[in-house]
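Next come the chains, spelled out residue by residue.
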Amino acid sequence: MSSTAEHTPRSEHHRRAPSVFAVARDPRLLLREALAGLVVALALIPEAISFSIIAGVDPKVGLFSSFIMAVSIAFLCGRPAMITAATGAVALVIAPVMREHGMDYFIATVLLAGVLQILLAVLGVAKLMRFIPRSVMVGFVNALAILVFSAQLPELIGVPWLVYPLVAAGILIILVMPKITKAVPAPLVSVIAVTAAAVVFSITVPTVGDKGELPSSLPELFVPNVPLTWDTLMIIGPFALGMALVGLMESLMTAKLVDEITDTHSNKTRESWAQGIANLLSGFFGGMGGCAVVGQTMINVKVSGARTRVSTFLAGAFLLLLILVLGDLVAMIPMAALVAVMIMVSVATFDWHSVTPATLRRLPKSETFVMLATVAGVLATHNLAVGVIIGVIVAAVMFVRRVAHFVSVERSITGEGEHAIARYTVTGELFFASSNDLTTMFAYTADPARIEIDMTHSHIWDASSVASLDAIETKYARLGKTVELTGMNDATRSFHGRLSGELSPDA
């Protein structure tokens, strides 16, 4: 007999996001998605240029990559409202290829990374997301907020003093605007108002145009001129694998974050292969590839309220329009306007509840330690994927350490004289951490000639546990005593029977 819940589709447990067709039929929703996409496009420009500089390529490489990936991921059914574009994490991984081998090998690396992401999707790598605990997720979010904020510091240090009132004005507008109306995203109003003030009053401050020259033509098809040899694979392979893993991990973590914010479900396997195809398309048009951009995704979802792929597509479309048609106007936008937006994004992203004294007192210290380890890992490496891996490893170690103490052994003696039997009842899960101390829980010399070990309330998970039970039997055998194992479930009996006696060097 099965319950109704078992047959309930997973999507029914989540809120349904509006479909693309529903948005197209509703002017209010369409306006919301369009304005959100415009805000994201404005925020993408300086970051795409900065990431291009990190990778050692022309600014147009990062800008075109962001356009192609945002548009393609929308058509490939990526996570609704999540923004995919050029990113710093990917740029850091593949920068050495550009520096040491040139543009052709650089693009070949991006293409191979896209192929690897598709293969990883087919192999089901997205299912590994279930092993990421909440404490790591909280650490990921908090580290992201800190990284977003720290990325704005170069725009606030060693700059004209007028930058500070402009940033303050931008933040004030973002805070006040939602109280007046939510029809227009507050970040867009802030950017327009700060830009207008800078132009009208002729305020000389750093602008988007100072970051680099904007392109004036469409991207062209680019086929890398590299020999298809083993040597080429040895050069680009390690970097492509690193890019594929970092890109997938950051994208899947961002998708999971958006799931929680919007209370909607997304298909992580589909997201994985969509990221791979988007990277292939980016590479074939001379782009540097990328993955989900967490900061801009938070602008889109949390600040602007977007919920569909329409905003993702329009972010890419507006990005191309802004850099090709309105490049001169975009170049006039003060960096202070975008800094104000990103500061508010970092404030909204940080999980303030996780660091309140009441929460820290209530949570187990191990949970807090895992969260802090994740944050420290991200900040030390400036790589969200590496920080998550560190957090998961720490969480696993803490979990094993805690579970290792859940095994107990109770001893009782029945009968007298030659009929006496020592009965041991083992309770708990036996694996490498918990079974190490198992051999110390028996009174070998004091026990009678017959020993019974009851495994009814226990389960054997690995070879270490079998080896421990073999060691117990061996110790008793040396004393001329016999051991009988009882109460094993079918899986434990089969596993133990297959390995018992085969694990010692003399077997």
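This text goes with the structure placed above it.
Below: a short report on this structure. What you are looking at is a predicted structure, and each value in this text was computed from that prediction instead of being measured.

Attention now moves to the overall build of the protein chain. A tally of regular secondary structure across the protein chain gives 21 helices and six strands. Once the C-alpha set of the protein chain is aligned to its principal axes, its extents read approximately 105 × 60 × 50 Å. The burial tally for the protein chain puts 51% of its 507 residues in the buried class. For the protein chain, contacts bridging at least 24 residues in sequence account for 83% of all contacts bridging at least 6. Charge centroids of the protein chain, computed over 34 positive and 36 negative side chains, lie 8 Å from each other.

Our focus in this paragraph is helix H9 (residues 186-200). Its 15 residues give H9 an end-to-end C-alpha distance of 21 Å, which sits within 8% of 21 Å, the value for a rise of 1.5 Å per residue. Of the residues making up H9, those classed as buried are Ala-186, Pro-187, Leu-188, Ser-190, Val-191, Val-194, Thr-195 and Ala-198. Looking at the buried side of H9, the elements it contacts are helix H3 (27-55), helix H8 (163-180), helix H12 (294-303) and helix H15 (335-349). Among the residues trailing H9, Ser-202 stands out with phi positive, at a value near 50°.

In this section: helix H17 (residues 365-381). An ideal rise of 1.5 Å per residue puts 24 Å on 17 residues; H17 measures up with 24 Å between its terminal C-alpha atoms. Residues of H17 that are buried: Ser-366, Thr-368, Val-370, Met-371, Ala-373, Thr-374, Val-375, Gly-377 and Val-378. Contacts from the buried residues of H17 go to helix H7 (134-150), helix H16 (357-362) and helix H18 (384-403). Note on H17: the residue one or two positions beyond its end, His-382, has a positive phi of about 55°.

Moving on, we get to the pairing of strand E5 (residues 450-460). When you tally the buried positions in E5, you get eight out of 11 residues, the bulk of the element. Where strand E4 (residues 421-430) lies against E5, nine bridges are found, and the strand directions are parallel. In the strand pairing of E5, Glu-429 is matched with His-459. Note: E5 against strand E6 (residues 482-486), five bridges, orientation parallel. The residue bridging Asp-454 from the neighbouring strand is Thr-486, located in E6. Where the polypeptide runs from E5 across helix H20 (residues 463-478) and back to E6, its parallel neighbour, the crossover connection is right-handed.

With that out of the way, let us pick up the pattern of salt bridges. All chains considered together, the criterion is met by seven salt bridges. Between Arg-423 and Glu-452 there is a salt bridge, with its nearest N and O atoms 3.1 Å apart. Note that Arg-423 is positioned in strand E4 and Glu-452 in strand E5, a separation of 29 residues in sequence. A single network of salt bridges, built from pairs that share partners, joins Arg-79, Asp-259 and Lys-268.

Before going further, it helps to examine the sheet that holds E6. Note on sheets: strands pair through backbone hydrogen bonds, and any given pair is parallel or antiparallel. Here we have four strands laid out as an open sheet, ordered E3-E4-E5-E6, and mixed in their pairing. Looking at strand neighbours, the two that pair on one side only are strand E3 (408-414) and E6, the edges of this open sheet. With strand direction ignored, the average angle separating the axes of adjacent strands in the sheet is 20°. Relative to E5, H20 is tilted by about 175°, and along the sheet it contacts E4, E5 and E6.

We now examine the pairing of E3. Looking at chain direction, E3 and E4 are connected through seven bridges and run antiparallel. When the sheet's bridge partners are listed, Val-409 is paired in E4 with Val-426. Hairpin geometry of E3 and E4 is characterised by an intervening segment of six residues between the two adjacent antiparallel strands and by a positive phi of about 80° at Gly-415.

Working definition: an aromatic ring pair is given by the centre-to-centre distance plus the angle between the planes. A complete count under the given rule lists seven aromatic pairs for this structure. Consider the rings of Phe-442 and Tyr-444, whose centres lie 6.3 Å apart with planes at 35°: the pair is tilted. Among the aromatic residues, ring-to-ring pairing joins Tyr-424, Phe-442, Tyr-444 and Tyr-476 into one connected group.

With that settled, the discussion passes to the nonpolar core. Counting residues in hydrophobic clusters, the biggest one holds 83 residues, and the most contacted among them are Ile-45, Phe-140 and Val-167. The element contributing the most residues to this core is H15, with 11 residues. Not counting the four nearest positions on each side in its chain, Phe-140 is found in contact with Met-253, Thr-254, Leu-257, Val-294, Thr-374, Leu-384 and Val-388.

For the coordinates displayed, the defined rule picks out zero disulfides. A disulfide-free cysteine, Cys-77 has its sulfur positioned 20 Å from the sulfur of Cys-291, the nearest such atom. Exposure remark for Cys-77: the relative accessible area of 34% places this residue in the partly exposed category.

Quick look at the packing of H3 against H15 now. One way to put it is that H3 packs onto H15 with a least axis distance of 10 Å and a crossing angle of 110°. As summarised for this structure, H3 and H15 are arranged roughly perpendicular, according to the angle between their axes. Here Leu-42, Ala-43, Pro-46 and Glu-47 of H3 lie close against H15, whose contacting residues are Met-335, Leu-338 and Met-342. Residue classes in the contact of H3 with H15 are distributed as six nonpolar, no polar and one charged.

Here we come to the side chain of Asp-470. Note on placement: Asp-470 falls in helix H20. No salt bridge is formed by the buried Asp-470; the nearest opposite charge belongs to Arg-478, separated by 12 Å.

Turning next to unusual backbone geometry. One non-glycine residue, Ser-202, lies in positive phi territory at about 50°. One can find Ser-202 in the loop between H9 and helix H10 (230-262). Look at Asp-263: it is not a glycine, yet its phi comes out positive at around 55°. By the element assignment, Asp-263 lies in the loop between H10 and helix H11 (268-284). A relative accessible area of 35% places Asp-263 in the partly exposed class.

Definitions and cut-offs
- Residues numbered from 1 in each chain as written.
- Predicted model: local features only at pLDDT ≥ 70, side-chain atom pairs only at ≥ 80, totals over all residues.
- Heavy atoms only, no water.
- Helix = DSSP H or I, 4+ residues; strand = E, 2+ residues; numbered from the N terminus.
- Buried < 20%, exposed > 50% of the residue type's maximum accessible area, 1.4 Å probe, protein only.
- Contact = heavy atoms within 4.5 Å.
- Lys, Arg positive; Asp, Glu negative; His and termini not counted.
- Charge placed at Lys NZ, Arg CZ, Asp CG, Glu CD.
- Expected span 1.5 Å × (residues − 1).
- Pairing = 2+ DSSP bridges.
- Right-handed = clockwise from strand over helix to strand, strands pointing away.
- Salt bridge = Lys/Arg side-chain N within 4 Å of Asp/Glu carboxyl O.
- Axes fitted to C-alpha atoms, helices over the stretch in contact; angles between N-to-C directions.
- Phe/Tyr/Trp six-rings, centres within 6.5 Å; stacked < 30°, edge-to-face > 60°.
- Core = buried A, V, L, I, M, F, W, Y, C linked by side-chain atoms within 4.5 Å.
- Disulfide = S-S within 2.5 Å.
- Parallel < 35°, antiparallel > 145°, perpendicular 65-115°, else oblique.
- Nonpolar A, V, L, I, M, F, W, Y, C, P; charged D, E, K, R; others polar.

Honestly, it's all geometry; don't read function into it.
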